[in-house]
2 protein chains.
Amino acid sequence: MSDAHAARRARLRDRFLATGSGAALVSRPANIRYLTGCTPPGAVLLVGREPDQDHLVAARRPGRDPAEGQPPDGVRITVLPSPETDAVVTAAALAAGMCDAPVAVEEHHLTVARHRVAASAAPGLRLADLGCAVEQLRLVKDEEEINFLRIAAEITDQALGELLESILVGRTERHLALELERRLIDHGADGPAFPTRVGTGPHSGLAAHPPTDRRVEEGDLLTVALGAAYRGYRCEIARTFVIGTAPADWQIEIYEQVFAAQRAGREALAPGVPCREVHRAAREVLERAGHQGAPGPLLGHGVGLEIGEDPQLSSGAMGKLDACVPVTVEPGVHLPGRGGVRIDDTLVVRPPAEGGPELLTITTKELLAL
Amino acid sequence: MSDAHAARRARLRDRFLATGSGAALVSRPANIRYLTGCTPPGAVLLVGREPDQDHLVAARRPGRDPAEGQPPDGVRITVLPSPETDAVVTAAALAAGMCDAPVAVEEHHLTVARHRVAASAAPGLRLADLGCAVEQLRLVKDEEEINFLRIAAEITDQALGELLESILVGRTERHLALELERRLIDHGADGPAFPTRVGTGPHSGLAAHPPTDRRVEEGDLLTVALGAAYRGYRCEIARTFVIGTAPADWQIEIYEQVFAAQRAGREALAPGVPCREVHRAAREVLERAGHQGAPGPLLGHGVGLEIGEDPQLSSGAMGKLDACVPVTVEPGVHLPGRGGVRIDDTLVVRPPAEGGPELLTITTKELLAL
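Rules used throughout
- Residues numbered from 1 in each chain as written.
- Chains lettered and ligands numbered in written order.
- Predicted model: local features only at pLDDT ≥ 70, side-chain atom pairs only at ≥ 80, totals over all residues.
- Heavy atoms only, no water.
- UniProt positions renumbered as here; feature names shortened; annotations may be inferred.
- Helix = DSSP H or I, 4+ residues; strand = E, 2+ residues; numbered from the N terminus.
- Buried < 20%, exposed > 50% of the residue type's maximum accessible area, 1.4 Å probe, protein only.
- Pairing = 2+ DSSP bridges.
- Domains from an automatic or database assignment.
- Contact = heavy atoms within 4.5 Å.
- Buried area = accessible area lost by both parts, 1.4 Å probe.
- Salt bridge = Lys/Arg side-chain N within 4 Å of Asp/Glu carboxyl O.
- Polar contact = N/O pair within 3.5 Å; in protein donor to acceptor, adjacent residues only side chain to side chain.
- Nonpolar A, V, L, I, M, F, W, Y, C, P; charged D, E, K, R; others polar.
- Core = buried A, V, L, I, M, F, W, Y, C linked by side-chain atoms within 4.5 Å.

Describing the UniProt feature "domain: Peptidase M24" (unreviewed entry) in chain A
Then step 1. When the UniProt feature table is mapped onto this chain numbering, "domain: Peptidase M24" (unreviewed entry) sits at residues 149-350 of chain A.
Then step 2. For residues 149-350 of chain A, helix accounts for 31% and strand for 25%, while the C-alpha atoms at its two ends are 15 Å apart.

Side note on the pairing of strand S15 (residues 326-329) of chain A
Residues and elements named next belong to chain A.
Then step 1. By the alternation rule, side chains of S15 split into Pro-326 and Thr-328 and Val-327 and Val-329, which are all buried.
Then step 2. As paired strands, S15 and strand S18 (residues 345-348) are joined by four bridges and run antiparallel to one another. Its bridge partner being in S18, Pro-326 is matched across the sheet by Val-348.

Quick look at the domain arrangement of chain A
By convention, interface size is frequently given as the accessible area that disappears when the constituent parts associate.
All names here are of chain A.
Then step 1. Assigned domains within chain A: domain 1 (2-138) and domain 2 (143-359).
Then step 2. Taking only C-alpha atoms, the centre of domain 1 and the centre of domain 2 are 34 Å apart.
Then step 3. Listed as interface residues are six residues of domain 1 and, on the opposing side, seven residues of domain 2.
Then step 4. Interface area for domain 1 against domain 2, summed over the two sides, is near 620 Å², with a carbon-plus-sulfur share of 42%.
Then step 5. At the junction of domain 1 with domain 2, the criterion picks out four salt bridges.
Then step 6. With its nearest N and O atoms 2.9 Å apart, the salt bridge here joins Glu-306 to Arg-138.
Then step 7. One can count three residue pairs in polar contact (both at pLDDT 80 or more) joining domain 1 with domain 2.
Then step 8. Broken down by element, the residue count for the side of domain 1 that touches domain 2 peaks at three residues, all from helix H2 (residues 29-36).
Then step 9. Taken together, the residues that form the side of domain 1 that touches domain 2 break down as two nonpolar, no polar and four charged.

Remarks on the nonpolar core
Residue and element names in this part refer to chain A.
Then step 1. Residues Leu-12, Val-26, Leu-45, Leu-130, Leu-222, Val-224 and Leu-226 are the most contacted members of the largest nonpolar core, which totals 58 residues.
Then step 2. Counting residues per element, this core draws most heavily on helix H6 (residues 143-164), at 10 residues.
Then step 3. A domain split of this core shows at least three residues from each of domain 1 (2-138) and domain 2 (143-359).
Then step 4. Non-local contacts of Val-224, meaning those with residues more than four positions away in its chain, are made with Leu-160, Leu-180, Arg-197, Val-198, Ile-237, Ala-238, Arg-239 and Phe-241.

Quick look at the pattern of salt bridges
Residue and element names in this part refer to chain B.
Then step 1. Across all of its chains, the model carries 58 salt bridges over all chains by this definition.
Then step 2. Salt-bridge contacts for Glu-358 lead to Arg-350; the nearest nitrogen and oxygen are separated by 2.8 Å.
Then step 3. Relative accessible area serves as the criterion here: at 21%, Glu-358 is assigned to the partly exposed category.
Then step 4. Of the residues examined, Arg-350 reaches a relative accessible area of 9% and is grouped as buried.

Listed below in structure tokens is the structure:
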């Protein structure tokens, strides 16, 4: 991967040199991982005018914790003398020694206080704003990144599939969530991509429902949302099941509506399509079914080294989709007091000529009665 | 608790009014929870000149997720119209409408970009720095906070005690960590206070070792570090055990050295004692035993709504201890390739007249052979 990381740093270098900066300080952990393959604690990455100036400043030598990634190639490493030192000060001083041009920092990540100490790290140092340059580079994934997401999705499907073979009635949402997270790790995940959510009965279909001590009962709808992180890459799936042999008509009806909305969203994914069009495609299905306001402001989002990345598939989103951008499509409907349905997949946007969107999370979306 | 939260906001009000600010915007989640009892996502708390001006701006109505605490009393609540809106902008505009004096913000938490949009939320708005005023209020805990920590410690001792009754040989670090976290939740924790760490054999005694797939073997030292969060309050414990009936002499020797250092640190805790004296007391024991550099730069730290709070028990710390400040004392020694010992307790600083430091984590510190 070291070549890929060096190539990413080279693209970032082109960007900040073009805006008149002489170096960049990258402080956002996911951005550092994207550019080096690792994120040791308290790290700041200096990207210089020349590749041999790239320098990682961290509180600890990289590579001791596998969850922090592999030790980087092609960057010098400085370990901070004391835990009180802020890497951004050391990195800013190094950058000031390399060039007289402004040093670009991530103003959307650095706090006002850290920005102030960075600015005073060297006399005459001028700071500029790097903006979201690294996040923009991260938007379109290369095949290696997509492969990591593919493996994360396989792990996720395996963990979910095993849960479906076990007895669910009588177990609490919390226990089901913990078991899913254990199975993710059993199958080789770094860990959960986000806190696993399990909602049963009146909790089913909610977007951000934290697991409670409610037990699964006959006749419940059961919504689970989980995802594995693999080599730092995070995917997401949600499925809704019915507990018992005979789903009620209202359960079947809502399920079919959400399923149709999710399919409409998935089928709308293509390079060049405005993000808000994907939201509209799913929203129209649910509004025709009488669910005003569903699926809420956000139908889905990009995934990668973070679980909530751009693009945002919202009604107000301005951008367009690109090929090789992984996104979630996750509509849901919830009837207060009764429950609801939520269906979520992770897909990669592909042109129609290549067969259209690539579905990474392949667990069935039939309404299973467990 | 609402009275306690109102009293805390009143103390903060006194502070920023004394520095000439007319309102404060609190954005750091733990600080918002301290002042209101809850932290809904994306929240910013406006503390006004008068109590009836206190106003919580959030992306979602508080109280839906128990992990976010209870809905607050005595503060008005505004839910943001869209997920794209930043609460700090809405809160800054509200504050500007209330006073002409500067509005104090948490420059150590707000990013440069958020600070910029906050500053432009209203014409003529001037922003000042609140600094760590809320963190300073949080340092000394009231009896209710200490009681939450006491319960968190009881839960932690229970989870650890149950693990010790089970068979450990052959199980992986990851599984032991997940079982401990499940037991924390079984006993009523909100969740783990921090990611549970389990290190066996050569991994034992490390401070920040993430669980791996290594299995527990006869003759290993086994270090576990865990803690429960209860009502938002986080405690910490670490213990080291020997696996099998006959600990090696070097294992017993290191254990006794770390135990003596940890006791020296615990016994040094008293109101008025400089934090670095606590570090020195433990360090001297380990240096006399020939462990140069142990216990590293940090012997322990404050705990509360966050697991790593002030005070820092480091060799360079400048402050003194106060009564009713909960801290950890966690020396460790690690021999590369062989393993080591780490012992960590959470205690509350109390004056000698009250019997000295109050030990919250009471699991035995004898060297247990499991």
